[in-house]
Amino acid sequence: MRLGSVILFVAFCSFTAYYVYEPIPERIEERWKLMLTNSFFRTLSHLADLCESAGLKDYMDVMYVITLLEKIVPVSDEHVKVTEEKFDGVEVVLYQPKRQGGDARLRRAVIYLHGGGWCLGSSRMSPYDLLARKMVTELDAVVLSVEYRLAPAHHFPVPYEDVHRVVKYFLQKGVLAQYSVDPGRVAVSGDSAGGNLAAAVSQQLQKESGQQVKLRAQALLYPVLQALDLKTPSYQQNKDMPILPRTLMVRFWSEYFTSNKALFRAMMANSHNSPESSRLLKFVNWSAFLPEAYHKEYNYSAPAVAQGTEGEAAGVDGPSQSFADPRASPLLVPDADLHSLPKAYILTCEYDVLRDDGIMYATRLRAAGVEVTHQHYDTGFHGALMFTVWPTDFLIARRMTDNYVKWLKDNFSLLPLEEMGDLLGKGTECKQRKDVAGYG
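Bear in mind that the values here come from a model prediction, so they are computed numbers and not experimental data. (Residues numbered from 1 in each chain as written. Predicted model: local features only at pLDDT ≥ 70, side-chain atom pairs only at ≥ 80, totals over all residues. Heavy atoms only, no water.)

Colleague: Teacher, can you tell me more about the packing of helix α5 (residues 126-139) against helix α16 (residues 395-410) here?
Modeller: Helix-helix packing: each pair is described by the crossing angle between the helix axes and the interaxial distance. At their nearest, the axes of α5 and α16 sit 11 Å apart, and the two run at 40 degrees to each other. Judged on the interaxial angle alone, α16 and α5 are oblique. Viewed along their axes, α5 and α16 form a crossing whose handedness is right-handed. Mapping the contact onto sequence places Leu 131, Lys 134, Met 135, Glu 138 and Leu 139 in α5 and Thr 401, Asp 402, Tyr 404, Val 405, Leu 408 and Lys 409 in α16. (Axes fitted to C-alpha atoms, helices over the stretch in contact; angles between N-to-C directions. Helix = DSSP H or I, 4+ residues; strand = E, 2+ residues; numbered from the N terminus. Parallel < 35°, antiparallel > 145°, perpendicular 65-115°, else oblique. Left-handed = near helix turned anticlockwise from the far one by under 90°. Contact = heavy atoms within 4.5 Å.)

As structure tokens, this is what we get:
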């Protein structure tokens, strides 16, 4: 009996060690903590696959447990006033510095868009709440966290449209004045899928002639930026990396467009492009836009092109999928649409399937004359910045957060009056009304 118990115990320990252990690169800090953290994600993913195969529940419905476990009710504290509101019908969580008596200064504002592959995540998750409070206190900023609707219940372009509506609403002069926000110091930011939405809305607003108040900056944290080539060197090198393996990222992309699993299979094979979308592959040709150091042993091979529309090419019935729409894939915009974009901060991680998306975008923005700060973490992994809450708190997350907030502080200061006039679309009129704008 005792021997049997020992055998069972040893077998259990062996199985646990086999399941938890992953061949994670030695360079990554706190490797065992990352292994343990990822074992939870892998277990949940296996359970989600099983439930979907058995017809019990959709994969993303099970994975949403990640969001629920981190969800909180944001409340005010001694330094930060928190309110939950609706801007043009979209839910937002608004964080504001608590004013001292007689303080009438205009403040910065950061519109933040959470990650989660357009299918998971919430502005009400603990890591996002902590990040928002840090930005409020260290930047003396108003932070607007957007609760956009999620796929697969709401496919593209609904999440983008929710974000666009919120940003347009917030950038109205009357709304900015209501929250004591300086019209010349508004930035948009987001991580992962939120970085995708931030880049997309920055591009679209710059093209809208009626938009008077412009964004001052965009901060993109390991953003996902294109759906045409899902076999870039980083997709291949990091296909089995923790937190966001290639299979999961491809699933996020397919669920963003449709619930038809035929698209997922086509995207896994990188054979989902149609003749229409293939014409834009030149914008994601990593052999041209990726520095040589990141090519490594990989050789460029253009994705296969199927015949028919995008939907037909992927074996999906109904309207064609929007792989080529820059609102879904911001990396696909032509060079002429890049030069007028606001200054950018782009964070990338070496051990992330999305690494090359961010690097290629930084390359193209710089070539177009946009001021870009590209911060690459040689030991970073996808999602690292959000691991700030015990027991999954990582040292690299603290460094990433500090560097990100420092960039916002250093690059988000008061503007010369002439530049503010350009952002407001007023030209020299700004000089005549500097008292209204908060300049003295």
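Picking up where we left off.
Colleague: Explanation requested: the sheet that holds strand β5 (residues 181-191) in the structure shown.
Modeller: Sheet strands line up and pair through hydrogen bonds in the backbone, either parallel or antiparallel. Here we have 8 strands laid out as an open sheet, ordered β1-β2-β4-β3-β5-β6-β7-β8, and mixed in their pairing. Bordering the open sheet on either side are β1 (80-87) and β8 (372-381), each of which pairs with just one other strand. When strand polarity is set aside, the average angle formed by the axes of neighbouring strands in this sheet is 20 degrees. Of the strand pairs in this sheet, strand β7 (residues 343-351) and β8 are connected by 7 bridges, and their pairing is parallel. From the neighbouring strand, Cys 349 faces β8, where its bridge partner is Tyr 377. Along the sheet face, helix α15 (residues 355-367) touches β6 (217-221), β7 and β8 and points at about 150 degrees away from the line of β7. Contacts from α16 reach β3 (107-113), β5, β6, β7 and β8, with the element oriented near 175 degrees to β8. (Pairing = 2+ DSSP bridges.)

Colleague: How do you make sense of the environment of Phe 257 when you look at a structure like this?
Modeller: Position of Phe 257 relative to the elements: it lies in helix α10 (residues 246-257). A relative accessible area of 7% places Phe 257 in the buried class. Taking the C-alpha atoms as reference points, Phe 257 and Phe 156, separated by 101 residues in sequence, lie 5.5 Å from one another. (Buried < 20%, exposed > 50% of the residue type's maximum accessible area, 1.4 Å probe, protein only.)

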